[in-house]
Each structure stands twice: as structure tokens, then as C-alpha cells.
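Structural characterization, general
Residues per chain, in single letters:
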Amino acid sequence: MDTTREALAELLLAMADDEFVLGFWDSEWTGIAPMLEEDVAMSSVSQDEIGHAKAWYELLAGLTDDDADEIAFGREPAGYRHAALMNHARTDWAFTVARRFLYEHADATRLESLARSSYTPIAELAAKMRREETYHLLHFDLWLRRLADAGGEARDRLAAALERIWPDAQAVFAPLDGEARLVSAGILPDDLETLRHRWLDRVVPILEGLRLPVPPEAERAAPPAGDGRTRRNDDFAWLHGEFTMVARSDEGATW
Amino acid sequence: MIHGGNVNAPDEELAVHYAREFYGRRQESHRLWVVPRDAIVELDDPDLLNPPFDRSFKRPGGYLIKHKLEAARARAGTDAESADASEGTGK
Amino acid sequence: MNETAQADAFYAHVGSGGKVEADDWMPDDYRAAVLKFVEMHANSELMGVLPEREWILRAPNLRRKLALTSKVQDEVGHAQLLYRVAEDLGKPRDQMLADLLDGKTKFHNVFHYPTASWADVGIIAWLVDAAAIVSQQALPDSSYAPYARTMKKICWEESVHIMHGRDVVLTMMNGTDAQRALVQEALDRWWGPLMQMHGPPTDPAKDKDLHWRIKAKNNEQLRQEFLSIYVPRLWELGLTVPDAALRHDEAEGRWHYTEPDWDELRSVVTGHGPKSQERLEFRRLARDTNQWVRDAIIGPAVAAA
């Protein structure tokens, strides 16, 4: 990483891609969620994520003299920088709730720090996003609790989903190229390892309180794998094919 | 249904009587729902009701088509003599 | 008052513009007629989600992604609102979904057809929603008040969908030759179902829904209204409407058109449309796959293991 600007671009891309990919996966629930009322709620959450992704892409586009849609839709799968947590398909409702619970708290931790960023555009956007995240946190804390309290199949599915995604959830705080520069410039007020521990301090007690699985202490202490934001899988390749299908069908066309 | 107002009454029976007086004596109400205040659950969090990001795509104002329409008409050659539907078939 | 006199008084009330609320006494005929009408509407919103849902993942830019997700979300919301109205008339939601999936109740013809391209997304959002709104604008005056109130909200939301659809179409018409060709091709495929959508002309004297003011206009009036507004808007873009007989007769003040294929309509709404069974199966799968969630939420909380 040669410059702070490049490091900043990496950070923005990572966050935008997290929101973009998750927003896409969860938008699949539109029309087929477990209850009509929940369908509408979940769709709002997905739209919020796309809106946040759009905001980060636009900020990035301003810095790199590019176009938000071009950045969002114009890369090959290997060019995306979302956390491995977002590689997974929508799967089932328990998986969605588990992923959302972990991610919303991670995002909240990240945004709380960025709201104090020395780079004003980020600080302002982060503050705005935190306000929208209020609803997300309420919503998924509620679902986590309801599924856990229901016991039986609901609890089993939830527990299995959590066990499956813990390693990839850590990837939200995977090291970023140029992180040191961002921290010393105050653009990222807290380094990612600090944020990761802060996130664990939030979610572990909630999960333990519901007797849901958490990784053992030793595993939690270990920092996430270096490829946390670069490893990809077939599920994401499929999604990429879907979301680029129309965008790429007519070179240079406006939609 | 809109919120009409409040009455102060010791019980449901009197509340209904007073509601009729205040909100119905001029025949201005077709129907009234009378609810004790403590049965009401209020939602007023601005983060939930007024979140800050642009949601214009959910409102008519988010779709300003004037210029696009003009451009499309110009391209189709239908702007000068705007295709009056009653004068026969367009192309 | 005996039941016949009570029914007579009721019909006089609704016939002259009177309103009915959920817990008012109603003759069984009226209750059944409203329920049937509302249930079909609810079913159509629910099934109408499916053709467009496919394109949510494929929306070609950020703003379209937001707009389409929001539109489909609204349709789900409309289904919820309408099923609520029907529930209050006495039929449980589970039963309505079961009847829909068993083919005992119907949903509108247009939702039995495939979508082939992004142009379909624009055409559906613009013209299908427009045809729907032409019917729906007659409904806020429905004698059944809970339905009338719901329709006010639904009509407002649909008006945004139509603008979104028209915007998508306009953008493509102003775009490349390939985009324009996609739009024309989509219109060619959707015109038939659109013309069938309002249904065959009925004998107003025999139309109970009209008499009881559940709806306010007959099928032919709705179709004429749709044509009057939307055909000029299609022509002005240089699009061809695939009906050589389509023309407006000034003297008669009405549109002439090729008689829609009512056999096709009948066949489609009874579940023989190109996508009818596939979509019902998809819904069935969605319902069954998520049953465990409803059991968990609606059932009593069980002590954690």
C-alpha cells in the first residue's frame, strides 16, 4: 500500500462490498420469508444495506474518479473485498438470523468507531448509518432470542448455523492492506483487532446467555486469517453471475 | 380512522358517552374507537420512523421523467404532432 | 326484523352508497362475495411477487435494485393488508394459502406468464400495475369499508410503481437499439394478457359485485379507461401495439380492438398458464420450508434444552 488514499479506498471497498453482497443475499427473501409481515421487514433491512453500500461506493467513486455502479457491478469475483461471511448463500432462516446477528453487531462496532473518524465524509456517513442500524440490531436480537427460546428444531438450526459461520464471521475484521496508515491518520480510530475484541465482548455474552454456541476462548483470541476478505466460493460466483447478468448484457448501456 | 382526541373519564362507560359528545354530536363521526391510554403502545423513535438515507425511490418524487419523455418523443418523432389517440393509429 | 327484511335493508343501504364495517351484520351472500373478491386480490398480490422477484438479483444498477426490491416489498405488503381484510371476514390465512396452492381459489392471469428480460420488468411495473390501478381506483369507494381504506393505501403505493416502470421503459427507449428491441418484444408478449386482464364484458344487470358496490365499474369500462390512458403513451415512444385492429373511434367515444382470447384467460386462471404450476409449487415449497419458523414463533416458548 503506497498511500493513505489507497488504504482508504481498500477500507471503503471492503465495507461497501460487505453491505452490497449481504444486501443481495437477503433481498432473496423478498416474497418468500416465513411470514408476510416479516417479509416486508426483511426487505427493508436489505434495502438499507444496498443504500449503505451505495453511499460507500459513491464516496469511493469520488476519491478514485470512478462511478459507483461501475465499481459495484464491474469487477470479476476475485475483485470483491467482502468478508468471507458474505460468501455463503441465504441458506435458511436460521442461517440468515445467525449471520445477521453477528454481522449487525460487527457493523455497529465498526460504525461506532468510524463515527469518530478524522476523515469527515466517513464520520458523517457512519453517523447516519448508525441511526438506520438501530432497527437492524433490534430486529435480529429479537429473532435470535425468539428462535433460541423456542427450543426444538428452531434452536437446533440456529446453533448449527452459528457453529458453521463463526470462522467466517471473524473475517469482518480481517486485516486490511494499509490498515496501519489509516490508524495513524485517525481515519480508522481503532485498529481492526481492537474492534474485533470489542465485537466479541458484545456478542459472546448474548449468545452465552441464550446457551448458544461460541468458539472456545483460544480460538477467539487468534486473529482472523489473512485471506478473510479475498477467499471466494461457488455460492458467490453464482451470485456474481446473477447480479452482473443484465448490467453486462449491453456494453455501455444505461438502465 | 384518525386520532380524534382525548377525554378524561373514570371508566369505559363514561368515556364512551363523552367521546360521543365531543366527537360525534355534530354527526361528524361514522364510528368511534375508544381506547384507554395505557392500552396504547407508542412508537416514536426517529431512527425507526425517519431514517436519514434517501428513500426517494419509494415516493413519486423519486421519478422525474420529464426530460426522458421529451427525449423519447423527439427520437420517435412524436413530439411536434403529439400523437392524438383519437385521430387514428400511431406507428 | 326477519332475515329477508334485514337483507333487503342492507342491500338498500349499500346500493345507495352506505358502508359496511367488519363486525356489522351482513347477509351471507354479501360476505361471501366480498371475501371472494378480496381473496382473489390478495392471492394476486402474493403470486404477483414471483415474476418480478427473479429480477431483484439481476437489477443492473444500485438505484434499480433499490426500486425493484421496494416495489416487490410493497406487493408483499399489499398481500398482507388484503389477507388481513379477508381474515376479518372469517377465513384464516392458512386456509386461504392452502386453497390458493390447491387451485381452489384463483389469481389474476398476468401472473401466470414468464418474464424473459429486464424489459419485462419495466413493462410489468408500468402497464400491469397501470391496468391494476385502473381497477383499483374504482375501489376506494367500495361499500366494504375495510377494503376501501386498504385500497386507498394500495393505490398510492401502486402509483409509485407505475412511475418506476415507466422510468425503466423510458430509459431503455432512450438507450441502445438492443434495449429498444427488448422493450418492443416484451410489449408484444404482454399485450394479450393485459387485454384479458380486466375480464370479459359482463352483463351489468347481473353483476352482483357492481350492484353491491363492492366494485364501481364494469370490466369493459376498465379496459376502455386503460386503453385511453396508456395506448397514446406507448405510441408516443414509437412502440407498436401488437393489434392491427386497435383504434379509437371518436364518434363512438370508444376503442376498437381485436377480441381478446377469453379461452386463453379461462385456461390460464384455472391453472394452465405457462408458469401457473411452477409458481404454485414454488410457493408451496417456500411455505413448507419455513413452517418450522412459524411453529417456533407462533407456538408457545419452550424451555431451552
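Being a predicted model, the structure only gives us computed values, none of them experimental. Here, residues in each chain are numbered from 1, in the same order as that chain's written sequence. Just so you know, chain letters begin at A and ligand numbers begin at 1, following the order they were written in. Residue-level local features of this predicted model are given only where pLDDT is at least 70; pairs of side-chain atoms are given and counted only at 80 or more, and the full residue set underlies all totals for whole chains, interfaces and linings. Side-chain numbers here rest on the full set of heavy atoms in the structure, without hydrogens or water.

1. Side note on the overall build of chain C
Along the backbone of chain C there are 12 helices and two strands. Across chain C, helices and strands are ordered from the amino to the carboxyl terminus as α-α-α-α-α-α-α-α-α-β-β-α-α-α. With C-alpha atoms as the basis for the radius of gyration, the globule rule is written as 2.2 Å multiplied by the number of residues raised to the power 0.38. Its C-alpha radius of gyration of 21 Å places chain C within 12% of the 19 Å reference for a compact globule of 305 residues. With the principal axes as the frame, chain C shows a C-alpha extent of 70 × 65 × 30 Å. Partly exposed describes any residue whose relative accessible area lies between the buried limit of under 20% and the exposed limit of over 50%, with all areas from a 1.4 Å probe on protein chains only and scaled to the type maximum. Buried residues in chain C amount to 60% of all 305 residues. The criterion used for residue contact is that any of the two residues' heavy atoms lie within 4.5 Å. Sequence separation of 24 or more characterises 74% of the internal contacts of chain C that already satisfy a separation of 6 or more. The secondary structure listing takes helices from DSSP runs of H or I that are at least 4 residues long and strands from runs of E that are at least 2 residues long, numbered from the N terminus.

2. Overview of the interface of chain A and chain B
Taken together, the 13 residues of chain A in the interface contact 11 residues of chain B. Across the interface of chain A and chain B, roughly 970 Å² is buried in total on both sides, 56% from carbon and sulfur atoms. Two parts lose some accessible area (1.4 Å probe) when they are put together, and adding that loss for both gives the buried area. Counting the surface chain A buries against chain B, the share from its top three residues, Lys128, Arg131 and Glu132 of chain A, is 53%. A side-chain nitrogen of Lys or Arg and a carboxyl oxygen of Asp or Glu constitute a salt bridge if their distance falls within 4 Å. Note that Asp48 of chain A is salt-bridged to Arg55 of chain B, the shortest N-O span being 2.7 Å. Whenever a nitrogen or oxygen atom comes within 3.5 Å of another N or O atom, the pair is scored as a polar contact, on the condition that within protein one atom can donate a hydrogen and the other can accept it, and that pairs from neighbouring residues in sequence are kept only if both atoms are in side chains. Between the two partners, chain A and chain B, sit seven residue pairs in polar contact (both at pLDDT 80 or more). For the side of chain A that touches chain B, the secondary-structure elements that each account for two or more residues are α2 (36-64) and α5 (120-150) of chain A. Top element by residues in the side of chain A that touches chain B is α5 of chain A. It accounts for eight residues. Just so you know the grouping, Ala, Val, Leu, Ile, Met, Phe, Trp, Tyr, Cys and Pro go in nonpolar, Asp, Glu, Lys and Arg go in charged, and all remaining residues, Gly too, go in polar. Grouping the constituent residues of the side of chain A that touches chain B by class yields five nonpolar, four polar and four charged.

3. Topic: a nonpolar patch on the surface
Patch construction takes residues with relative accessible area above 30% that form no salt bridge. Like charges are linked within 9 Å, and nonpolar side chains (Val, Leu, Ile, Met, Phe, Trp, Tyr) are linked within 5 Å. In this description, accessible areas are obtained by the Shrake-Rupley approach with a 1.4 Å probe, and a residue is regarded as covered only by the protein chains that are shown. There is a patch of nonpolar side chains on the surface, built from Met1, Trp33, Val35 and Ile40 of chain B and spanning about 480 Å² of accessible area. Structurally, Val35 of chain B is set in the loop between α1 (12-24) and α2 (46-49).

4. Focus on the layout of surface pockets
A pocket here means an open set of points on a 1 Å grid, computed over the protein atoms alone, that has protein on both sides within 12 Å along at least five of seven lines. A cavity is instead a set of points where a 1.4 Å probe fits but cannot get out; residues with an atom within 4 Å of a point line either one. Grid points are joined across faces, edges and corners, and a volume is the space filled by probe spheres set on the points. Counted as a void, the largest pocket has a volume near 1,200 Å³. Around the largest pocket, the lining comprises 46 residues; the ones closest to its centre are Phe37, Met40, His108, Met197 and His198 of chain C. For the lining of the largest pocket, the secondary structure elements donating two or more residues are α2 (28-53), α3 (62-88), α5 (118-136), α6 (145-173), α7 (177-197), α9 (219-235) and α10 (262-272) of chain C. Looking at the lining of the largest pocket, the element that brings in the most residues is α2 of chain C, giving 12 residues. Along the lines of polarity and charge, the residues of the lining of the largest pocket split into 17 nonpolar, 14 polar and 15 charged. Put simply, the second largest pocket is a space of about 960 Å³. Ranked by residue count, the leading element in the lining of the second largest pocket is α1 of chain B, at four residues. Residue composition of the lining of the second largest pocket, by class: 14 nonpolar, seven polar and seven charged.

5. Brief notes about the interface of chain C and chain A
On the side of chain A, 52 residues touch chain C, which itself brings 43 residues to the contact. Taken over both partners, the interface formed by chain C and chain A buries close to 4,100 Å², and the fraction arising from carbon and sulfur atoms is 67%. For Arg58 of chain C, the salt bridge goes to Glu242 of chain A, with nearest N and O atoms at 3.0 Å. Inspection of the region where chain C meets chain A yields 16 residue pairs in polar contact (both at pLDDT 80 or more). Only α2, α3, α6, α7, α11 (276-289) and α12 (291-298) of chain C provide two or more residues apiece to the side of chain C that touches chain A. Of the residues forming the side of chain C that touches chain A, the biggest block, 13 residues, is contributed by α3 of chain C. Its residues assigned to classes, the side of chain C that touches chain A comprises 26 nonpolar, 10 polar and seven charged.

6. Some details on the packing of α6 of chain C against α7 of chain C
Residues and elements named next belong to chain C. Angles run from 0 to 180 degrees between N-to-C directions of axes, and those axes are lines fitted to C-alpha atoms, restricted for helices to the stretch in contact. Orientation of α6 relative to α7, taken along the N-to-C sense of each, is 135°, at an axis distance of 7 Å. One finds that α6 runs oblique with respect to α7. Residues Val169, Met172 and Met173 of α6 form the contact with α7, whose own contacting residues are Gln179, Arg180, Leu182 and Val183. Broken down by class, the residue content of the contact of α6 with α7 amounts to five nonpolar, one polar and one charged. Oblique is the label for any angle not covered by the other classes, which are roughly parallel (under 35 degrees), roughly antiparallel (over 145) and roughly perpendicular (65 to 115).

7. Overview of the pattern of salt bridges
Pairs may arise between side chains of opposite charge once their charged atoms sit close together. Inspection of every chain in the model, using the stated rule, returns 56 salt bridges over all chains. Among the ionic pairs, Glu87 of chain C bridges to Arg93 of chain C, the shortest N-O distance being 2.9 Å. Three or more residues are tied together by salt bridges with common partners; here these are Glu37 of chain A together with Arg84, Glu87, Asp88 and Arg93 of chain C.

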